[in-house]
Amino acid sequence: MERREIYACEVPDGVKVLTAGVDTQDDRFEVEVVGWGAGMESWGVQYQILYGDLKEETVWKHLDEFLTQTFYKEDGSPMQIVRVCMDSGGHFTNQVYAFCAEREKRGVYAIKGRGGDDVPYIQRASKGNREQANLITIGVDTGKSRLFGRLSIEEPGANYCHFPLEGD
């Protein structure tokens, strides 16, 4: 909470690339847009919850619209999300695979977490699913360890994580 800061604009100046993570729940998508700069310095850009019945097309359309929106830096230059990782666990696995398969050219990929200290953070994609979507397995224990290491960094710069004050 003490690390939160007010950005001068929607996308801070140090951001070079935008990515998004999508968590799939039974009644909503939770999306976090993160900006990345030099040395893996990161900025939380936007957190959005999209409520709806995932059995209906409407909430999937809203997700697609959210992921294709334009974000702006202080000088007015536009930025798009270039990579998306979407959780395929839960009750809508095949729908996530279909959504991602149709959007892989836009950098939208299905992911699935796998625990264990010996599981690599990112594994080679596989297409062993009905929709032939690339599925990337994420080593959640390795990822959590990396994240906690980054959160221990106290000065802005390489690997530092910034969090916005807006949205309280």
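Note: the structure precedes this text.
Reading guide: rules and limits
Residues numbered from 1 in each chain as written. Predicted model: local features only at pLDDT ≥ 70, side-chain atom pairs only at ≥ 80, totals over all residues. Heavy atoms only, no water. Buried < 20%, exposed > 50% of the residue type's maximum accessible area, 1.4 Å probe, protein only. Helix = DSSP H or I, 4+ residues; strand = E, 2+ residues; numbered from the N terminus. Arc of directions from axis to C-beta. Contact = heavy atoms within 4.5 Å. Phe/Tyr/Trp six-rings, centres within 6.5 Å; stacked < 30°, edge-to-face > 60°.

Enquirer: I keep staring at helix 2 (residues 93-101) and nothing clicks. Help me out?
Expert: Since the α-helix packs 3.6 residues into each turn, any two residues three or four apart lie on the same face. Listed in full, the buried residues belonging to helix 2 are Thr93, Val96, Tyr97, Phe99 and Cys100. Projected onto a plane normal to the axis of helix 2, the buried residues spread over an arc of 165° and lie on a single side. Packing partners of the buried residues in helix 2 comprise strand 2 (17-24), helix 1 (57-67), strand 7 (81-87), strand 8 (108-114) and strand 9 (135-139).

Enquirer: Just checking my understanding: could you explain the packing of aromatic side chains for this structure?
Expert: What describes a pair of aromatic rings is the distance from one ring centre to the other and the angle between the planes of the rings. Considering all chains together, one arrives at 2 aromatic pairs under this definition. With a centroid separation of 4.9 Å and 75° between ring planes, the pair formed by Phe29 and Trp60 is classed as edge-to-face. Taken together, the residues span a long stretch of sequence, with Phe29 in strand 3 (residues 28-36) and Trp60 in helix 1 at a distance of 31 residues. No difference in accessibility class separates Phe29 from Trp60, as the two residues are buried. Seen from their ring centres, Trp60 and Phe99 are 5.5 Å apart, and the 50° between their planes marks the pair as tilted. In this pair, Trp60 is assigned in helix 1 and Phe99 in helix 2, connecting sequence segments 39 residues apart. Each of the two residues, Trp60 as well as Phe99, counts as buried. A connected cluster of aromatic rings, assembled from ring pairs, spans Phe29, Trp60 and Phe99.

From the geometry alone we can't say anything about function, so treat these as descriptive.
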